[in-house]
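# Results of the structural survey
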Amino acid sequence: MSTQPVRFAPSVETIAEDEAETLASLKDSFREILETTSQDYAHAVRAVHAKAHGIARGTLTIADGLPETLAQGIFAQPGRHEAVLRISTNAGDILDDSVSLPRGVALKILDVQGDRLPGSEGETTQDFIMVNAPVFAAPDPKAFSKNLKLLAKTTDRFDGVKKAMSATFRVVESALEAVGAESATLKTLGGAKPVHPLGETYFSQTPLRYGDYIAKVALFPVSPALTRLTGDTVDITARPDALREVVREELIEHGGVWELRVQLNTDLDAMPIEDATVEWDQQASPFVTVATLEVAPQISWEHGVTDHTDDALSYSVWHGVVDHQPLGGVNRVRKETYELSAGFRGTFNGCPMHQPKTLAELA
């Protein structure tokens, strides 16, 4: 395997003949989730990652002296940027935290320069959406659509059954891990360990253009206050908002520091663009730090206040610059589906989405 990074070219992507049909099916599932939850809550929430466990404001510092292969896109020049981090769970309904699902973070970096991706013209933000697992739960848009269709049919139904199933799936998943195996499907359905969100490493899972190259990105906790939480589980018994509580406690007391790291693609066969379930070998191409995110001690959730901030924010892998264009089928179908979700929320709630230019603009 080569150690030289692969150069980006449009030809690295392969669009399936039926991708437009798959996209239409995905949009139907998104609408079903959005319509169900908005009627149940009398308020529209995201079709995926609906429940936030905290929103934190911070500063992203791009490292000085990066080598040419890493000094790309918004990381080409050292500097400091305001940023806002949203911590969430992946379901499209607001579930009791005893239904244990994968954790997610969405990082919005403000005041970035560069030619914009389609649909984000006039904005000055760069979003990275990450989950606490190195690979996506589906290899391609068709499998993604199949998974989401199942989730749409079970959205906001049989909450007690979901709790019981989650407990059962966690036992099965723990047994698999004990023998060196694991199941992304079980985790997605509620079998994930109830780990502390602040101790986790979060991965983009899908690739993106990295200026002249191709990469995945990840957010690694590095401050002692965060790393001591890595692997810790949260007591979720009879605590519907346990994760929001523990995140709030830790960020008030300690804040946190993370490193944003980049993994360059060095082999298109071993590190495919179109199969989002393939983990790129970290020995062949390790994650390398390009920036540091610092979050000062703060209140990450205040009822009646943070809710409004959360409503006004929207995140998408397609909010950004051309140099960080999302790649692969899963990312291509995310563009219109995420736009659909944000537009639905803005219309239903009477709170149009906007991209902040500064943190001071946030409620």
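Residues numbered from 1 in each chain as written. Predicted model: local features only at pLDDT ≥ 70, side-chain atom pairs only at ≥ 80, totals over all residues. Heavy atoms only, no water.

In the annotation of an unreviewed UniProt entry, the protein chain is listed under the name Catalase and assigned to Sphingomonas aerolata.

### Some words on the packing of aromatic side chains
All told, the structure shown has 8 aromatic pairs when counted by the stated rule. Arranged with centres 5.9 Å apart and planes meeting at 25°, the rings of F75 and Y210 form a pair that is stacked. In this pair, F75 is assigned in the loop between β1 (51-62) and β2 (79-89) and Y210 in strand β6 (residues 208-210), connecting sequence segments 135 residues apart. The same class applies to F75 and to Y210, which are both buried. By the ring-pair criterion, three or more aromatic residues cluster together here, those being F75, F128 and Y210. In this arrangement the basic side chain of K108 is found over the ring face of Y315, its NZ or CZ atom lying 4.4 Å from the centre. Taking the ring centre of W301 as reference, the NZ or CZ of R244 above it sits at 3.9 Å. (Phe/Tyr/Trp six-rings, centres within 6.5 Å; stacked < 30°, edge-to-face > 60°. Helix = DSSP H or I, 4+ residues; strand = E, 2+ residues; numbered from the N terminus. Buried < 20%, exposed > 50% of the residue type's maximum accessible area, 1.4 Å probe, protein only. Lys NZ or Arg CZ within 6 Å of the ring centre and 35° of its normal.)

### With respect to the environment of C351
In this structure, C351 sits in the segment after α8 (329-349). Counting along the chain gives 38 residues from C351 to L313, while the straight-line C-alpha distance between them is 9.9 Å. Those residues in contact with C351, other than ones at most four positions away along the chain, are A312 and G346. (Contact = heavy atoms within 4.5 Å.)

### Comments concerning the pattern of salt bridges
This model, assessed by the stated rule, comprises 19 salt bridges. Where K27 meets E336, a salt bridge forms, and the shortest distance between an N and an O atom there is 2.9 Å. Taken together, the positions of K27 in helix α1 (residues 19-41) and E336 in helix α8 put the pair 309 residues apart, joining distant regions of the chain. Judged by its relative accessible area of 18%, K27 is buried. One salt-bridge network, held together by shared partners, links E13, E19, E274 and R332. (Salt bridge = Lys/Arg side-chain N within 4 Å of Asp/Glu carboxyl O.)

### What to know about the pairing of strand β9 (residues 288-295)
Note: β1 against β9, 4 bridges, orientation antiparallel. Counted as the bridge partner of L60 is L293 from β9. By the bridge criterion, 7 bridges tie strand β8 (residues 256-264) to β9 in an arrangement that is antiparallel. For E259, the partnering residue across the bridge sits in β9 and is T292. (Pairing = 2+ DSSP bridges.)

### As for empty space enclosed by the protein
Taken as a whole and assessed by the stated rule, the structure comprises 6 cavities of 30 Å³ or more. The volume enclosed by the largest cavity comes to roughly 210 Å³. What lines the largest cavity is a set of 17 residues, and nearest its centre among them are R46, V48, I129, Y315 and Y338. For the lining of the largest cavity, the elements supplying multiple residues, two or more each, are β2, β3 (103-109), β4 (126-131) and α8. With 4 residues, the top contributor of residues to the lining of the largest cavity is α8. Across the lining of the largest cavity, the residue classes tally to 9 nonpolar, 5 polar and 3 charged. Space inside the second largest cavity adds up to approximately 100 Å³. Surrounding the second largest cavity, 13 residues form its lining, D127, F128, S204, L208 and V317 being those nearest its centre. Of all the secondary-structure elements, those providing two or more residues to the lining of the second largest cavity are β4 and α8. No other element matches the 4 residues that β4 contributes to the lining of the second largest cavity. (1 Å grid on protein atoms, 1.4 Å probe; cavity = no way out; pocket = protein on both sides within 12 Å on 5 of 7 lines; lining within 4 Å. Points joined across faces, edges and corners; volume = space filled by probe spheres on them. Nonpolar A, V, L, I, M, F, W, Y, C, P; charged D, E, K, R; others polar.)

### Section: the side chain of H196
Topologically, H196 is positioned in the loop between α4 (184-188) and β5 (202-203). Given the relative accessible area of 6%, H196 is considered buried. Contact partners of H196, with chain neighbours within four places excluded, come to L229, D232, V234, V246, V247 and E250.

### Notes on the pairing of β4
Across the 6 residues that make up β4, a large majority, 6, are buried. The alternating pattern of β4 places Q126, F128 and M130 and D127, I129 and V131 on opposite faces, both of which are buried. The pairing of β3 with β4 spans 6 bridges and is antiparallel. In the strand pairing of β4, G104 is matched with V131.

### Quick look at the layout of surface pockets
It is the rolling of a water-molecule-sized probe over the atoms that shows where space remains empty. Reported here for the second largest pocket is a volume of approximately 230 Å³. What lines the second largest pocket is a set of 15 residues, and nearest its centre among them are V45, I94, W301, D307 and D310. Taken together, the elements giving at least two residues each to the lining of the second largest pocket come down to β1 and α7 (306-312). Here the lining of the second largest pocket gets 3 residues from one element, more than from any other, and that element is α7. Classifying every residue of the lining of the second largest pocket by side-chain character gives 6 nonpolar, 2 polar and 7 charged.

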